[in-house]
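As a plain string of letters, each chain reads:
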Amino acid sequence: MDVRARLIPTHVPARPDAVVLVLHGGASRPGSPMVSPTQLSVVRMVPVARRVARAGRRRLAVYRLLNSSRGWDASHTPVDDVAWALGQLREKHGDLPVGLVGHSLGGRAALLSAGRPEIASVVALAPWLYPDDGVPTGDRPVLVVHGDHDRIAPIAHARAVVARLARSGRVALVVVRGGTQAMLRRAGEFDGTAARFLAATLLGRPASGTAGRVLAGEDALQV
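Quick look at the structure, then. (Residues numbered from 1 in each chain as written. Predicted model: local features only at pLDDT ≥ 70, side-chain atom pairs only at ≥ 80, totals over all residues. Heavy atoms only, no water.)

**Focus: the overall build of the chain**
What counts is decided by this rule: Helix numbers and strand numbers start at the N terminus; a helix is a DSSP run of H or I with at least 4 residues, a strand a run of E with at least 2. C-alpha atoms define the radius of gyration, and 2.2 Å times the number of residues to the power 0.38 defines the globule rule. Whether a residue is buried, partly exposed or exposed follows from its accessible area with a 1.4 Å probe, protein chains only, as a fraction of its type maximum: under 20%, in between, or over 50%, in that order. Throughout, a residue-residue contact means that at least one pair of heavy atoms, one from each residue, lies within 4.5 Å. His is not counted here, nor are the chain ends, while Lys and Arg score as positive and Asp and Glu score as negative. Charged side chains are reduced to one point each, which is NZ for Lys, CZ for Arg, CG for Asp and CD for Glu.
Along the chain, the regular secondary structure elements total 7 helices and 8 strands. Here the chain has a C-alpha radius of gyration of 16 Å; the compact-globule value for 223 residues is 17 Å, and the two agree. Split into buried and exposed, the 223 residues of the chain put 55% on the buried side. Restricting to contacts in the chain with at least 6 residues of sequence separation, those with at least 24 account for 70%. Separation of charge centres in the chain, based on 29 positive and 17 negative side chains, amounts to 7 Å.

And the structure:
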C-alpha cells in the first residue's frame, strides 16, 4: 500500500468505543502530486472532524486521512487509501466499529468502502459520484447530504445512487437548500448533521435536528 497516505489524529481518547475516519476531496493535478495539509479541500474537513469529536463526547477516536495523491488516480484510488487507513486503525484500536465521513471525492470513497466489515455507518457530504457507481452498503446506515446549488458534483447523480441503494439498504438523502460544493453556506447542516448521525449510529447516542429526523425514519428531506 502506498505509504504516502497519512493519518492525522483529531481526538484520540484513551479507550474509545468507536473510530471515525474523515476523508477529504480535491481535484486531480498533473503528475498526481502529494496532498498538502493546507489545500482547501483538506482544510474544509478540519471543522467536520472537530464537530464529530465534540459530538462523540470523548468516546470517539477521530482521524483525518490525507490521501496519497490528489484527485482520483485509477491506478491507486482514494478507496485504496481508505483500506490502508483502516489497517492502521485496526493496529491502533483493534476491532472497533468505524464510521466514515467524506466530502466530494472523499464522499465517493466513503460510499465505495461501505461494504468493508469494520464499517458501521457512512456519511457522504456533497459526494462526487457517477450515477451507476456500485456501492455495497449492506445493512449499514448511510446518509448523503447534498446542496441543491452544487455546480461541481451533480445532485442528480447522488439521487440516482441513493435511489438504487434504497432498494436494499438503509440510506437517506438530505438536500440542503442553497448548499454548494464548498459546504460553507449553511455549513451547520452539513457538519452538524454528519456529526450527530455518526455519534448516534456508532454510540447509540440520541440525535437531534436533521440527523434525528433521518434516524426516526425519514429518508428524503429538504432542509
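**Side note on helix α4 (residues 105–112)**
Of all 8 residues in α4, 7 are buried, a share of seventy percent or more. By the burial criterion, the buried members of α4 are Leu-105, Gly-106, Gly-107, Arg-108, Ala-109, Ala-110 and Leu-111.

**Things to note about the pattern of salt bridges**
Put simply, the rule reads: Any Lys or Arg side-chain nitrogen located within 4 Å of an Asp or Glu carboxyl oxygen qualifies as a salt bridge.
By the definition in use, this model includes 8 salt bridges. We note a salt bridge from Glu-118 to Arg-116, for which the minimum N-O separation is 3.6 Å. Take Glu-118: its relative accessible area is 15%, and that puts it in the buried class. Taken together, the salt bridges that share partners define one network made up of Arg-90, Arg-116 and Glu-118.

**Focus: helix α6 (residues 187–203)**
The line we're drawing: One less than the number of residues in a helix, times 1.5 Å, gives the span that helix is expected to have.
Compared with the 24 Å implied by 1.5 Å per residue over 17 residues, the 24 Å span of α6 between its first and last C-alpha is a close match. A large share of α6 lies buried, amounting to 13 of its 17 residues.

**What to know about the sheet that holds strand β2 (residues 18–23)**
The strands making up a sheet associate through hydrogen bonds between their backbones, and the pairing can be parallel or antiparallel. Worth spelling out the cut-off: At least two bridges found by DSSP between two strands are what make those strands a pair. For helices, the axis comes from a line fit to the C-alpha atoms of the stretch in contact; other axes are also lines fit to C-alpha atoms, and the angle between any two N-to-C directions lies between 0 and 180 degrees.
In space, the 8 strands of this open sheet follow the order β1-β3-β2-β4-β5-β6-β7-β8, with mixed pairing throughout. With one partner strand each, in any of the chains shown, β1 (6–11) and β8 (220–222) form the two edges of the open sheet. Direction aside, neighbouring strands of the sheet carry axes that sit 20° apart on average. Examined bridge by bridge, β2 and strand β3 (residues 60–66) share 6 bridges and lie parallel to one another.

**Considerations on the packing of aromatic side chains**
The criterion, for reference: Ring pairs are drawn from Phe, Tyr and Trp, using the six-membered ring of Trp, whenever the two centres fall within 6.5 Å, and their geometry is named by plane angle: stacked under 30 degrees, edge-to-face over 60, tilted for the rest.
Counting across every chain of the model gives 1 aromatic pair. Ring geometry for Trp-128 and Tyr-130: centres 5.0 Å apart, planes at 80°, overall edge-to-face. The partly exposed category is assigned to Trp-128, whose relative accessible area is 26%. The exposure class assigned to Tyr-130 is partly exposed, which follows from its relative accessible area of 40%.

**Concerning the environment of Arg-196**
Mapping Arg-196 onto the fold places it in helix α6. A relative accessible area of 26% means that Arg-196 is categorised as partly exposed. Sequence separation of Arg-196 and Val-101 is 95 residues, and the distance between their C-alpha atoms is 12 Å. Not counting chain neighbours up to four residues away, the residues in contact with Arg-196 comprise Arg-51, Ala-207, Ser-208 and Ala-211.

**With respect to the nonpolar core**
This is how the line gets drawn: Side-chain atoms within 4.5 Å link the members of a nonpolar core, which is a set of buried Ala, Val, Leu, Ile, Met, Phe, Trp, Tyr and Cys residues.
Of all hydrophobic cores here, the largest spans 34 residues; its most connected members are Leu-7, Leu-21, Leu-65 and Val-122. Not counting chain neighbours up to four residues away, the residues in contact with Leu-21 comprise Leu-7, Tyr-63, Leu-65, Val-82, Ala-85, Leu-86, Leu-89, Gly-99, Leu-100 and Val-101.

**Brief notes about the environment of Pro-47**
Structurally, Pro-47 can be placed in helix α2 (residues 45–56). Its relative accessible area of 35% is what places Pro-47 among the partly exposed residues. Considering only alpha carbons, one finds Pro-47 and Asp-191, 144 residues apart in sequence, at a separation of 7.5 Å.

**Focus: the side chain of His-24**
Defined as follows: What qualifies as a polar contact is a pair of N or O atoms within 3.5 Å, subject to a donor-acceptor requirement within protein and to the restriction that residues adjacent in sequence count only when both atoms come from side chains.
Its location among the elements puts His-24 in the loop between β2 and α1 (40–43). At 3.1 Å, the side chain of His-24 forms a polar contact with the backbone nitrogen of Asn-67. With sequence-adjacent residues up to four places away left out, His-24 is seen in contact with Val-35, Ser-41, Val-42, Met-45, Leu-65, Leu-66, Asn-67, His-103, Leu-105 and Gly-106.

**A look at unusual backbone geometry**
The phi torsion at Arg-58 lies on the positive side, around 70°, for a residue other than glycine. Within the fold, Arg-58 resides in the loop between α2 and β3. Arg-58 gets classed as exposed once you look at its relative accessible area, which sits at 69%.

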